[in-house]
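Chain residues, written in single-letter form:
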Amino acid sequence: MKEWRQCKNFIEDFSVTTNGMGPPEKALAAAKAAVATIDHYPPANFEPHISHLAEFLWGEEAELYKNCLQLGNGASELIDLVIRSCAVVGAWRPGPTMAQYEEYKRSSEAAGFYRVAANDNSANLLCMVNPTNPSGDYMRIEELKAYIENNCKPGSVVIVDESMQPWVGPHWREDSLVSQGKWRKAMSVEKGVEVFVMHSWTKIWACTGVRLGSVIAPTAAHMEMIKAKQVPWSVNCIALAFLSAAVKDEEYLEYAISFSSATALTCCANRNTWRNTALWRKNVVKELNKYFPAWQCIGRFELRLTLLPDDSPRRTLPFLGVDRYRRRACCCQGSGSRQAGLY
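Scoring rules and cut-offs
Residues numbered from 1 in each chain as written. Predicted model: local features only at pLDDT ≥ 70, side-chain atom pairs only at ≥ 80, totals over all residues. Heavy atoms only, no water. Helix = DSSP H or I, 4+ residues; strand = E, 2+ residues; numbered from the N terminus. Polar contact = N/O pair within 3.5 Å; in protein donor to acceptor, adjacent residues only side chain to side chain. Contact = heavy atoms within 4.5 Å. Buried < 20%, exposed > 50% of the residue type's maximum accessible area, 1.4 Å probe, protein only. pLDDT = per-residue confidence, 0-100. Pairing = 2+ DSSP bridges.

Student: In this structure, what is going on with the side chain of Ser108? I would like to understand it.
Tutor: Positionally, Ser108 belongs in helix H5 (residues 102-110). Polar side-chain contacts of Ser108 include one of 2.7 Å to the backbone oxygen of Tyr104. Once residues lying within four places of it in the same chain are set aside, the contact partners of Ser108 are Ile83, Trp92, Phe113 and Leu125.

Below, the structure is given as structure tokens:
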């Protein structure tokens, strides 16, 4: 597969799962300004930037949970660190929904784990994605907690990837494991089930090029285990500057470009991001149904994730348990079931 810069006829890449609005302008400006500081090492403890993220996540309770938070060079680094640092080598399993588990598969197998069925509760490691990419399946917080409580044995590790959670809407924190600090600690101390919350911030802020992720550990002791194996300075000064500006840019999340009833994009300062996400999705489904009335589009209305079929050329996607898929515009294929992912 060619890198996009090598495509002479490149117009746009609709296969990526990033925010269609592009990066926040203020954060992009901060990142550009940070280039002037590349003759210095970034702070090894990521301060004050990690504190800025903690405040974004927990507000007034930031100091209470900050010692359970760590930044990484994308979620990929942190997925690898959690698996190598905190899980007992053995079986790993995916969550109960079709999701893109390639990063978890790679890290688990590299650490010596082998995969078992999603309903095999004997696994030492459970990797979940919620909201699910690419299907759009979503467990509300109480449903998610109940699933973990009822399906994970003592001594097991659970990673819940909530990278798509901000698209749920302004209340995304309340319906997230971010808000469940006491529950995460109780699961660790009382039941011996270690729940980690993973975020790839490159999705909501459309900044995949800077590599920016975070993980929340169940306790500060677990975070120290992770930090002991993390290389220093893994997040550079440009990414850190971008982060501090992005978390403070409330306007970026609250206001967006809206999709009109036609196909044009127009600036609209009185509509918020979350409402427009639903409008974008509604318009996409409407247009798809117009040209392909036999296709089935499913997935939660407020998320960017939708399922549909595609009869064009495909590639195999074995880690999803899907025979074939194809990305075209915003879609990938699932033959047999006549469904695939749009995101």
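Student: So what exactly am I meant to see when it comes to unusual backbone geometry here?
Tutor: Most peptide bonds are trans, and most residues other than glycine sit at a negative phi. Residue Pro48 follows Glu47 across a cis peptide bond; omega there is 5°. Here the phi dihedral of Phe46 falls at roughly 65°; this positive angle occurs in a residue that is not glycine. Within the secondary structure, Phe46 sits in the loop between helix H1 (25-34) and helix H2 (49-58). Looking at Phe46, the relative accessible area reads 1%, which means it is buried. One non-glycine residue, Ala206, lies in positive phi territory at about 50°. With respect to the secondary-structure elements, Ala206 resides in the loop between strand S6 (194-200) and strand S7 (213-216).

Student: So what exactly am I meant to see when it comes to the confidence of the model for the protein here?
Tutor: Across the protein, the average pLDDT comes to 81, with 76% of residues at 70 or higher. Scored below 50 in pLDDT, residues 256-271 shows 32 contacts in the model against residues more than four places distant or in partner chains. Low pLDDT, under 50, characterises residues 305-343; the stretch is placed with 131 contacts to residues that sit more than four places away or in other chains.

Student: Mind showing me how you'd approach the sheet that holds strand S1 (residues 69-72) here?
Tutor: The strands that make up a sheet are held in pairs by hydrogen bonds between backbone atoms, and each pair lies either parallel or antiparallel. Pairing in this open sheet of seven strands is mixed, and the strands run S1-S7-S6-S5-S4-S2-S3 from one edge to the other. The strands lining the two open edges of the sheet, one partner per strand, are S1 and strand S3 (114-115). By the bridge criterion, two bridges tie strand S2 (residues 91-94) to S3 in an arrangement that is parallel. By the bridge assignment for S3, Trp92 is matched with Arg115.

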